[in-house]
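Here is how the chains run, residue by residue.
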Amino acid sequence: MIRQAQGIKTFRVYAIVLLALLHPLNLERALAEFPETIILPSPPLTFQTAPGSEIASSYCLICHSAEYVYIQPPHSRATWEEIVKKMKHAFGCPIPDKHIPTVVDYLFNQNTIQPTTQLKKRRNNTPPITRPNENPINGKVLYKTYCINCHGSEGKGDGPIGQSLIPPAADLTATADKPDRALLKVIRHGRPGTAMPSWKGNLSDSEIHEVLSYVRTLSQ
Amino acid sequence: MENKQIPNHVNDSNALTRRGFLKAGIMLGGSAIFGTRIGSAETPSAITLPFDRGRRPLIAFPQKRPLMVMTTRPPQLETPFHVFNESIFTPNDAFFVRWHLANIPTHIDLNEFRLTIRGQVKTKLTLSLDTLKNDFEPVEMAAVCQCGGNSRGFFEPRVPGGQWGHGAMGNAKWTGVRLKDLLEKAGVKDDAVQVRFDGLDKAVADVTPDFRKSLNVEEVLRQEVMVAYAMNGEPLPYLNGYPLRLVIPGWYASYWIKALNDIEVLNAIDQDFWMKQAYRLPADPCGCIEPGQKLRATVPINKMTVRSFITNVQDNATVKSGHPVTLKGIAFDQGYGIDQVLFSINGGKQWQQSTLGEDYGNFSFRPWEARFTPIAGTTYHLQCLAINRIGESQRWNARWNPSGYLRNVIETVSVKAV
């Protein structure tokens, strides 16, 4: 329907000319279709859960989406090690040296998987619930694994990475007045324009609710 | 400003069977169709490039039709190849996208936006978009913008990096002002060596090197280098650099800084990461090494190699025998202009002249076409070979370098006549 798209464009041109003829002052308004703001889509896939995925998610996804790994042709483990070290030393990834072998193994293993299985969306069998469940204990464990690097142990956005991000990691202690659905959406889908990735590939829907229930305790 | 399109001399839809197009690898839940059918029930979900890990979902980003998504954040979007057969100028909503850093501009207030020219100049300039448009002579030029890693996915052995097919390129009519005029107004000091260009995109972590690129002063004072505020007669899409983009015809796209807001004249060679360490080529004239060989001296990536493509027939397509088939394609180089495009139907054993189409300028895609009459049961290995006006031609054997740059080997499209 490219032809159709062109048809619409032609129609627009006619509409602009017509408006201009009817009322010259309308011309500028008619031309001012350009969006003030664009909203970028969230990445369609994240890292698949496997040993090391939580560390890879915490560090790699700060700067780029998981597709960067899944589009790669098979590389040797040595090449992956070179890539991870380049991310640390050239681009400033805050990954500690002790985690590098884990991430290299994870990326090397992911790279052997055919992307067709990769690209399948993880299905959440748990139906969405409107309130977070009452299990902040599990949520705390998950928070310490996935969130603490950026949001910090008390959720103030002051984790080891949090303040060096542009924009800085969110202060979760200031989210008390945000409705659950807004926070769930950010955890599930990430926040465009920030380092906050989508977690729906790594966390099940009930785990996402558990994280939220723990985040709620931070602002108390 | 009208987009001129290649005249459709021949309606070749009869010569190429639909089935031929169906093999293009455009998947629709198991079946395949040719082209992106926006808004129809048959919207394809992905295009699979002919190399390992080549599946690319088709997703519409803001101001874009569904394009092949290589990565979402930062966005890297490839133009589906059939677009190059539809018009000699690549539509803005289909033009490829490649950002390096994730914090890209998604909102720009033109009341606040300023382009600064500073450094080794007599007068620092701070220009609004209106000042730029009103105080300087507008110029227009057709030019190809091509990623240095275009076609990287076809490198053998494969190399790390963005795995592009052939669609990380586009041809547009750029409108803007001469960079030379801006620099003359600011007054470049005698000790100027390079000029560094920076845009509004920012890294996520403040320790990541900011993406900015530098060029020698004599290079940027060329007549055709411009600061563009429009492509194909419209404001640049956000994802292609709204509101201003450096256009440096003939050079690879990494220098075409998007959302350009800072021009700094330097009195020494730029030592930044993106010049000194990234986007480097082997220093020998070929820009290549043998796979596995150690990379020694390197130079910054620079001007484009000469290339050509057949655009209206896809690999593994079927053509109808007994009727003349018109092959259509495009050719381009770094700005000497295309002198001739040869084509072969037998994998390069014999070559014939093609007919060049309208000349939109030395930096533009140059359309060409050729005819042959297939005989039933024969498989044809179709090739095209562009030669520019200083006699440079495409390569017969693919060059290799560890970053996957400069591909310009003669490409082959095999078709079977039925």
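Owing to the predicted nature of the structure, the values given are computational and were not obtained by experimental measurement.

Turning to the environment of Gln340(B), a few remarks are in order. All names here are of chain B. Relative to the helices and strands, glutamine 340 is located in strand β23 (residues 338-344). With 53 residues separating them in the primary sequence, glutamine 340 and serine 393 have C-alpha atoms 9.5 Å apart. When sequence neighbours within four positions are dropped, the list of residues in contact with glutamine 340 reads Gln353, Leu356, Leu385, Ala386 and Ile387.

If you look at the interface, chain B gives 53 residues, while chain A gives 47 residues. Area buried by chain B at its contact with chain A is led by Arg53(B), Arg73(B) and Val204(B), which between them contribute 21% of it. Connecting chain B to chain A are zero salt bridges. Viewed at the interface, chain A and chain B are joined by 16 residue pairs in polar contact (both at pLDDT 80 or more). In the side of chain B that touches chain A, the residues fall into 27 nonpolar, 15 polar and 11 charged.

This part is about the packing of aromatic side chains. Residue and element names in this part refer to chain B. Enumeration over the complete set of coordinates arrives at 26 aromatic pairs over all chains. With a centroid separation of 5.1 Å and an interplanar angle of 85°, the aromatic rings of phenylalanine 273 and tryptophan 274 are classed as edge-to-face. Each member of the pair, phenylalanine 273 as well as tryptophan 274, is classed as buried. Between the aromatic rings of phenylalanine 372 and tyrosine 380, the centroid separation amounts to 5.1 Å while the plane-to-plane angle is 65°, which identifies the pairing as edge-to-face. Here phenylalanine 372 matches tyrosine 380 in class, with each residue buried. Across from the ring centre of tyrosine 255, 4.7 Å away, lies the NZ or CZ of lysine 213, which sits over that ring. Sitting above the plane of the tryptophan 99 ring, lysine 258 keeps its charged end 4.6 Å from the centroid.

Quick look at the confidence of the model for chain B now. Taken residue by residue, chain B gives an average pLDDT of 91. The fraction at 70 or more is 90%. Ignoring residues within four places in sequence, the model shows residues 1-41 of chain B, a span with pLDDT below 50, making 89 contacts including any to other chains.

Once that is clear, we can look at the sheet that holds strand β21 (residues 317-319) of chain B. All names here are of chain B. Spatially, the five strands line up as an open sheet ordered β21-β28-β27-β23-β24, and their pairing is mixed. One side of each edge strand has no neighbouring strand; the edge strands of this open sheet are β21 and β24 (352-353). Across two bridges, β23 lies against β24 in antiparallel orientation. Within β24, the residue paired with leucine 342 across the bridge is glutamine 353.

In this section: the sheet that holds strand β13 (residues 212-216) of chain B. Residue and element names in this part refer to chain B. In spatial order, the strands read β9-β8-β17-β12-β13; together these five strands make up an open sheet with mixed pairing. The open sheet has two free edges, formed respectively by β9 (125-127) and β13, since each of these has just one partner strand. Each neighbouring strand pair of the sheet contributes to a mean axis angle of 15°, computed without reference to strand direction.

This part takes up the pairing of strand β12 (residues 194-199) of chain B. Residues and elements named next belong to chain B. Burial analysis of β12 places six of its six residues in the buried class, which makes it a mostly covered element. Burial along β12 is two-sided: Gln194, Arg196 and Asp198 facing one way and Val195, Phe197 and Gly199 facing the other are all buried. For β12 and strand β17 (residues 260-266), the ladder comprises six bridges, and the chain directions are antiparallel. From the neighbouring strand, valine 195 faces β17, where its bridge partner is valine 265.

Let us look at the pairing of strand β26 (residues 366-372) of chain B. All names here are of chain B. For β26, a buried count of six out of seven residues is recorded, marking the element as mostly surrounded by other parts of the structure. Relative to β26, strand β22 (residues 325-332) is paired through seven bridges, and the arrangement is antiparallel. Looking across to β26, one finds that threonine 326 is bridged to arginine 371. Relative to β26, strand β25 (residues 355-356) runs antiparallel, the two being bridged by two bridges. Bridging from a neighbouring strand, leucine 356 pairs with tryptophan 368 of β26.

Residue and element names in this part refer to chain A. Here helix α3 (residues 53-63) lies mainly inside the structure; nine of its 11 residues are buried. Looking only at α3, the buried set comprises Ser53, Ile55, Ala56, Ser57, Ser58, Tyr59, Cys60, Leu61 and Ile62. Against the buried residues of α3 lie α6 (100-111), α8 (136-146) and α9 (148-151).

Scanning the entire structure with this criterion turns up one disulfide over all chains. Across the disulfide, Cys286(B) is cross-linked to Cys288(B) (sulfur-sulfur distance 1.6 Å). Where Cys286(B) bonds to Cys288(B) through sulfur, the torsion about that S-S bond is close to 115°, and the disulfide is right-handed. With respect to class, Cys286(B) is no different from Cys288(B); both count as buried. Here Cys63(A) stays unpaired: no disulfide links it, and the sulfur of Cys93(A), its closest cysteine neighbor, is 6.8 Å away.

Our next topic: the confidence of the model for chain A. All names here are of chain A. Scored by pLDDT, chain A has a mean of 78; 75% of the residues are at 70 or more. Of the regions scoring below 50 in pLDDT, residues 1-31 engages in 18 contacts with residues more than four places distant in sequence or in other chains. Considering only residues more than four positions removed or in separate chains, one finds that residues 116-132, a stretch of pLDDT under 50, has 29 contacts.

Here we take up the pattern of salt bridges. In total, this model carries 24 salt bridges over all chains according to the counting rule given. A salt bridge links Asp205(A) to Arg188(A); the nearest nitrogen and oxygen atoms lie 2.9 Å apart. Taken together, the positions of Asp205(A) in helix α11 (residues 205-218) and Arg188(A) in helix α10 (residues 180-189) put the pair 17 residues apart, joining distant regions of the chain. Through salt bridges that share partners, Arg118(B), Arg196(B), Arg212(B), Asp262(B), Glu264(B), Asp270(B) and Asp272(B) make up one connected network.

So, how was this worked out
- Residues numbered from 1 in each chain as written.
- Chains lettered and ligands numbered in written order.
- Predicted model: local features only at pLDDT ≥ 70, side-chain atom pairs only at ≥ 80, totals over all residues.
- Heavy atoms only, no water.
- Helix = DSSP H or I, 4+ residues; strand = E, 2+ residues; numbered from the N terminus.
- Contact = heavy atoms within 4.5 Å.
- Buried area = accessible area lost by both parts, 1.4 Å probe.
- Salt bridge = Lys/Arg side-chain N within 4 Å of Asp/Glu carboxyl O.
- Polar contact = N/O pair within 3.5 Å; in protein donor to acceptor, adjacent residues only side chain to side chain.
- Nonpolar A, V, L, I, M, F, W, Y, C, P; charged D, E, K, R; others polar.
- Phe/Tyr/Trp six-rings, centres within 6.5 Å; stacked < 30°, edge-to-face > 60°.
- Buried < 20%, exposed > 50% of the residue type's maximum accessible area, 1.4 Å probe, protein only.
- Lys NZ or Arg CZ within 6 Å of the ring centre and 35° of its normal.
- pLDDT = per-residue confidence, 0-100.
- Pairing = 2+ DSSP bridges.
- Axes fitted to C-alpha atoms, helices over the stretch in contact; angles between N-to-C directions.
- Disulfide = S-S within 2.5 Å.

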